[in-house]
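Commentary on secondary and tertiary structure
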Amino acid sequence: MQAYQAGIAKFEAANTKVFGISMDSRFSNKAFAEKIGVTSFELLSDWDRTVTKQYGQINKNGAQGTRQSFGVDD
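Keep in mind that what you see is a predicted model, and the values were worked out from it rather than measured. (Residues numbered from 1 in each chain as written. Predicted model: local features only at pLDDT ≥ 70, side-chain atom pairs only at ≥ 80, totals over all residues. Heavy atoms only, no water.)

1. Quick look at the nonpolar core
In summary, soluble globular proteins display a tendency toward joint burial of nonpolar side chains. The cut-off we apply is this: Here, the term nonpolar core denotes a set of buried Ala, Val, Leu, Ile, Met, Phe, Trp, Tyr and Cys residues that are joined through side-chain atoms within 4.5 Å. Exposed residues in this analysis have more than 50% of their type's maximum accessible area, buried residues have under 20%, and partly exposed residues fall in between, with area computed by a 1.4 Å probe over protein chains only. Between two residues, a contact is recorded if the distance between any of their heavy atoms is within 4.5 Å.
Counting residues in each nonpolar core, the largest one holds six residues, listed as I8, V18, A33, V38, F41 and L43. Setting aside residues no more than four positions away along its own chain, L43 makes contact with M1, G20, N29, F32 and A33.

2. So, the layout of surface pockets
Our working rule: The way it works is a 1 Å grid over only the protein atoms, where trapped points that fit a 1.4 Å probe form a cavity and open points with protein on both sides within 12 Å along at least five of seven lines form a pocket, and then any residue with an atom within 4 Å of a point lines it. Grid points are joined across faces, edges and corners, and a volume is the space filled by probe spheres set on the points. Counting from the N terminus, the helices are DSSP H or I runs at least four residues long and the strands are E runs at least two residues long. All amino acids are sorted into three groups, where Ala, Val, Leu, Ile, Met, Phe, Trp, Tyr, Cys and Pro are nonpolar, Asp, Glu, Lys and Arg are charged, and the leftover types, Gly among them, are polar.
Considered as a void within the structure, the largest pocket measures approximately 1400 Å³ in volume. Along the wall of the largest pocket there are 34 residues; nearest its centre are M1, F19, G20, I21 and Q68. Mapped by element, the contributors of at least two residues to the lining of the largest pocket are strand 1 (19–22), helix 3 (26–36) and helix 4 (50–54). Sorting elements by how many residues they give to the lining of the largest pocket places strand 1 first, with four residues. For the lining of the largest pocket, a count of residues per class yields 15 nonpolar, twelve polar and seven charged.

3. Structural notes on the side chain of S25
Short version of the rule: Throughout this description, a polar contact denotes any pair of N or O atoms lying within 3.5 Å of each other; where both atoms belong to protein, one of them has to be capable of donating a hydrogen while the other can accept it, and for residues adjacent in sequence the pair is counted only when both atoms sit in side chains.
With respect to the secondary-structure elements, S25 resides in the loop between strand 1 and helix 3. Among the residues examined, S25 registers a relative accessible area of 18% and is labelled buried. Polar contacts involving the side chain of S25 include one to the main-chain amide nitrogen of S28, which spans 3.0 Å. Setting aside anything within four residues of it in sequence, one finds S25 in contact with S45 and W47.

4. Observations concerning the environment of N61
Locating N61 in the fold gives a position in the segment after helix 4. With 24 residues separating them along the chain, N61 and G37 place their C-alpha atoms 32 Å apart.

5. Describing the pattern of salt bridges
Test applied: By convention in these notes, a salt bridge is any Lys or Arg side-chain nitrogen within 4 Å of a carboxyl oxygen on Asp or Glu.
Here the structure, examined in full by the defined rule, presents one salt bridge. For K30, the salt bridge goes to E34, with nearest N and O atoms at 3.7 Å. Placement of the pair is K30 and E34 together in helix 3, with a separation of four residues, close to one helical turn. E34 shares its class with K30; the two are exposed.

This is the structure we're talking about:
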């Protein structure tokens, strides 16, 4: 995540938005972002695991997601 933050100017120049998605709560995400110094993009909570499931990034028992990076076009 720090690498994305370090390169945020390149993403902005390409009119590209960066955000993180985690199955953790928004409160946990906020604390994590503060701990690692990520301030230039938002960490979103997928508490109900909807997005994690849609992208096929959840394990068989539904308890954990895998770490991945995606580029998504609208």
